[in-house]
Amino acid sequence: KILVPFVGLVLAFCFYSKEDFNPEMLKGKRVIVTGASTGIGEQMAYHLARMGAHVLITARTEAKLQKVVTRCLELGAASAHFMNGSMEDMALAEDVVKEAKHLWGGLDMLILNHIGYTYFNYFDGDVEHIRKLLEINFLSYVAMTVSALPMLKESGGSILVVSSKAGKIGIPFVAPYSATKFALDGFFSSLRQELIIKNISVSITLCILGHIATETAEKTVSHVMQKPGAPKEECALEIIRSGALRKRELYYPYTAHCLAIDLAQASLLDESLENKAG
Ligand code: NDP
């Protein structure tokens, strides 16, 4: 009973926000999208292309990136380029931003979305895996942000950080991944406040996603999910929309907003596990 008006308010708020968005906002904008060879990143590249933006996409697999660039040009991108390599190399993270400066002379939007491979299972004690994952999923995001900030300050641009419910609450079997996503929240939520204090007009949008039907998610977690994942195309559009509207946070699908329920479930799970163990 208590949740009904709350959910209603959230939905009304989301609907109202949609009214403010116009795809023209992205026309001619210069946008970097990382992890755009597949999944949500690929779909973001296509939406941006349809909106007439300039896109620079990244991932490791050159052949896939080439295909996405070709499709972006067919869909109407103002320009489309790619750079390939692994984001565990901070030099690559910085080079991508330099390439944007070289291509366009500036940058309007930085979309940080890539993730490195991890397992879905009990934590296996491998500290090196966590170190590598932190480099890919967290430190490269910081390195790109540091390099891009001068251009974003000049354009009054935006940073979009793709995170997860696992970056807001503890969920079993994803300890290394969850650690990297919590780190993103800590760093970028703090940086957002510092930018506001310094009166710098660069927005930071943290995107907290629930289960999305991408190939990776289908392979790793779909067998333990009660419902099918939300569509990656709609998710991609919601991320761009939230960034363009300079929102602080996006929760998608909207049920991802019910963290109170998730927290309650997590503590019930803790209790039942303790009872079993006891
Ligand atoms: P995908 O696995 O489909 O895409 C990941 C992208 O990252 C690919 O383009 C991949 O390309 C690239 N990538 C992988 N390893 C590296 C690396 N070492 N260096 C650089 N790029 C790399 O992921 P999703 O689309 O499912 O997820 C996108 C974002 O959404 C992630 O941040 C994820 O945490 C978040 N999210 C997704 C959820 C879901 O259910 N799908 C749920 C919650 C959050 P390549 O292999 O060619 O390098």
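Small disclaimer: the values here were computed from a predicted structure and weren't measured.

**With respect to the sheet that holds strand 3 (residues 79-84)**
Taken in spatial order, the seven strands line up as 3-2-1-4-5-6-7 in an open sheet, and their pairing is parallel. Sheet topology places strand 3 and strand 7 (249-252) at the edges, where each strand pairs with a single neighbour. Shown here is a sheet whose adjacent strand axes are inclined to one another by a mean of 15°, direction ignored. Across four bridges, strand 1 (residues 30-33) lies against strand 2 (residues 54-59) in parallel orientation. Its bridge partner lying in strand 2, arginine 30 is registered against histidine 54. Docked against the sheet, helix 5 (residues 127-155) engages strand 1, strand 4 (109-112) and strand 5 (158-164), running at close to 160° with respect to strand 4. Packed on one face of the sheet, helix 6 (residues 175-197) meets strand 4, strand 5, strand 6 (203-209) and strand 7 and runs near 150° to strand 5.

**Topic: the site of the ligand**
By nearness alone, 29 residues border the ligand, and Arg60, Thr61, Tyr177, Thr214 and Thr216 come closest of all. Between the ligand and the protein, one listed contact pairs an oxygen atom with a side-chain N or O atom of lysine 181 at 2.9 Å. Side-chain polar atom of threonine 214 to an oxygen atom of the ligand: 2.6 Å apart, as the coordinates give it. With the chains in place, 92% of the 890 Å² that the ligand exposes on its own is no longer accessible. Looking at the shell around the ligand, the elements that each hand over two or more residues are helix 2 (39-50), strand 5, helix 6 and helix 7 (215-220). A total of three residues in the shell around the ligand trace back to one element, the largest contributor, which is strand 5. For the shell around the ligand, the per-class residue count stands at 11 nonpolar, 16 polar and two charged.

What counts and how
Residues numbered from 1 in each chain as written. Predicted model: local features only at pLDDT ≥ 70, side-chain atom pairs only at ≥ 80, totals over all residues. Heavy atoms only, no water. Pairing = 2+ DSSP bridges. Helix = DSSP H or I, 4+ residues; strand = E, 2+ residues; numbered from the N terminus. Axes fitted to C-alpha atoms, helices over the stretch in contact; angles between N-to-C directions. Contact = heavy atoms within 4.5 Å. Near = heavy atom within 4 Å. Polar contact = N/O pair within 3.5 Å; in protein donor to acceptor, adjacent residues only side chain to side chain. Areas by Shrake-Rupley, 256 points an atom, 1.4 Å probe, with all protein chains shown as cover. Nonpolar A, V, L, I, M, F, W, Y, C, P; charged D, E, K, R; others polar.

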